[in-house]
Amino acid sequence: MTENLNDSHSISASGNIGPVNSLKMPRFAGLTTFGRLPRIDQVEDYDVAVVGIPFDSGVSYRPGARFGANAIREASRLLRPYDPAHETEPFSNQQVVDAGDIGCNPFNIPDALKTIEFEISKLNANEKKVIVLGGDHTIALPILRSLNKQYGPVAVLHFDSHLDTWDTYFGEPCTHGTPFRRASEENLILKNNSMHVGTRGSVYAKSDFDDDEKLGFGIISARDIPDLGIKKTIELIKARVGNFPLYVSIDIDVLDPAFAPGTGTPEAGGLSSRELLSILRGISNLNIIGADIVEVAPAYDHAEITSIAASHLAYEFISGWSKNR
């Protein structure tokens, strides 16, 4: 049965089209878009686009993140129109849309990266906000290449259990473990204003950290956060990134496997979903120009735990932009 857009979706006083009315169409029914929002082709213009990139050809361990975007969309049915944490209606005073998926070559990484950069550049034109649902972390590189065209080098806040600044895997320079080394080498990031948060676990050598510092990153490890506390962690992030254009990249494995089992390279000792959500709320007034949430691999998930966490992280960014409009 075809839905009438005006009958099924909410219409704000500003004329923005919001989610499907869940009192008319139950949240477990109807077509699936992120947050039950309109598709990009159903509106004349938009402020925020949510787009999927079903690409995981750069993974080094467990594959499956190509299915992450749709799993996050399905979990986002739980989201509601009012966010009490930010005291805002994130879909009312800005037009948020689901832009579908970027179809990229699953057999050729360089070709896929070109496609991603081209398609993201269309979505974020004129400084529109884009939230990317991955996909593996390789996709951060073409996104940063796209942002560089508008902003020049940007600060990067990278939530991850891993550094992702290694050089190559089996001779391949662009994988999910290398995007931020390539980004630094290409001068896409602001060195000394970028940082990793939540890193932990074993690495290949102590020199990995020396290399990472030279590439321009600071670190707040997962081990640091219990002693620092959330407020101090937020202060350190703000001091590092300043008010520069900021891109936030979240590998879902920054969360402990208890909160995100559905991912490709899990590491024990990570953040809780409450800690990560609190940090994002604390930095919501920074100059965030875009974000990604990657490495959700639903084949390893249980009861949609990981997908639900990822959908709420995306909602945090949308609410933050709404509050700051």
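Quick caveat, the model's predicted, so the values are computed rather than measured.

Draft legend 1. Region of the structure containing the overall build of the protein. Summing up its helical and strand segments, the protein has nine helices and ten strands in all. What you see for the protein is a C-alpha radius of gyration of 19 Å, in line with the 20 Å of a compact globule of 325 residues. Across its three principal directions, the C-alpha atoms of the protein cover 60 × 45 × 40 Å. Classification of the 325 residues of the protein by burial places 56% in the buried group. The contacts in the protein between residues at least 6 apart in sequence include a share of 75% that link residues at least 24 apart. As presented, the protein carries roughly 13,800 Å² of accessible surface, and 52% of it is formed by carbon and sulfur atoms.

Draft legend 2. Up close: helix 8 (residues 273-282). Listed in full, the buried residues belonging to helix 8 are Leu 276, Leu 277, Ile 279, Leu 280 and Gly 282. Those residues of helix 8 that are buried are in contact with strand 6 (155-159), helix 7 (225-241), strand 9 (246-251) and helix 9 (305-323).

Draft legend 3. The nonpolar core, seen in detail. Phe 159 and Ile 250 are the most contacted members of the largest nonpolar core, which has 49 residues in total. Here this core gets eight residues from one element, more than from any other, and that element is helix 9. In this structure, Ile 250 is in contact with Phe 159, Leu 276, Leu 280, Asp 292, Ile 293, Val 294, Leu 313 and Phe 317, ignoring residues within four places of it in sequence. Val 97, Leu 144, Val 154 and Ile 289 belong to the second largest nonpolar core, which has 38 residues in total.

Criteria and thresholds
- Residue positions within a chain follow its written sequence, with the count starting from 1.
- In keeping with the model being predicted, local features are shown solely for residues with a pLDDT of at least 70 and side-chain atom pairs are shown and tallied solely at 80 or more, while totals for entire chains, interfaces and linings include all residues.
- Excluding hydrogens and water, the side-chain figures rest on all heavy atoms present in the structure.
- Numbered from the N terminus, helices here are DSSP runs of H or I no shorter than four residues, and strands are runs of E no shorter than two.
- We take the radius of gyration over the C-alpha atoms and set the globule estimate at 2.2 Å times the residue count to the 0.38 power.
- Partly exposed residues are those whose accessible area sits between 20% and 50% of the maximum for their type, while under 20% is buried and over 50% is exposed, using a 1.4 Å probe and protein chains only.
- Residue contacts are defined here by distance: any two heavy atoms, one from each residue, within 4.5 Å place the two residues in contact.
- For accessible areas, the Shrake-Rupley method is used with a probe of radius 1.4 Å. Any residue's cover is judged against the shown protein chains and nothing else.
- Put simply, buried Ala, Val, Leu, Ile, Met, Phe, Trp, Tyr and Cys residues joined by side-chain atoms within 4.5 Å make one nonpolar core.

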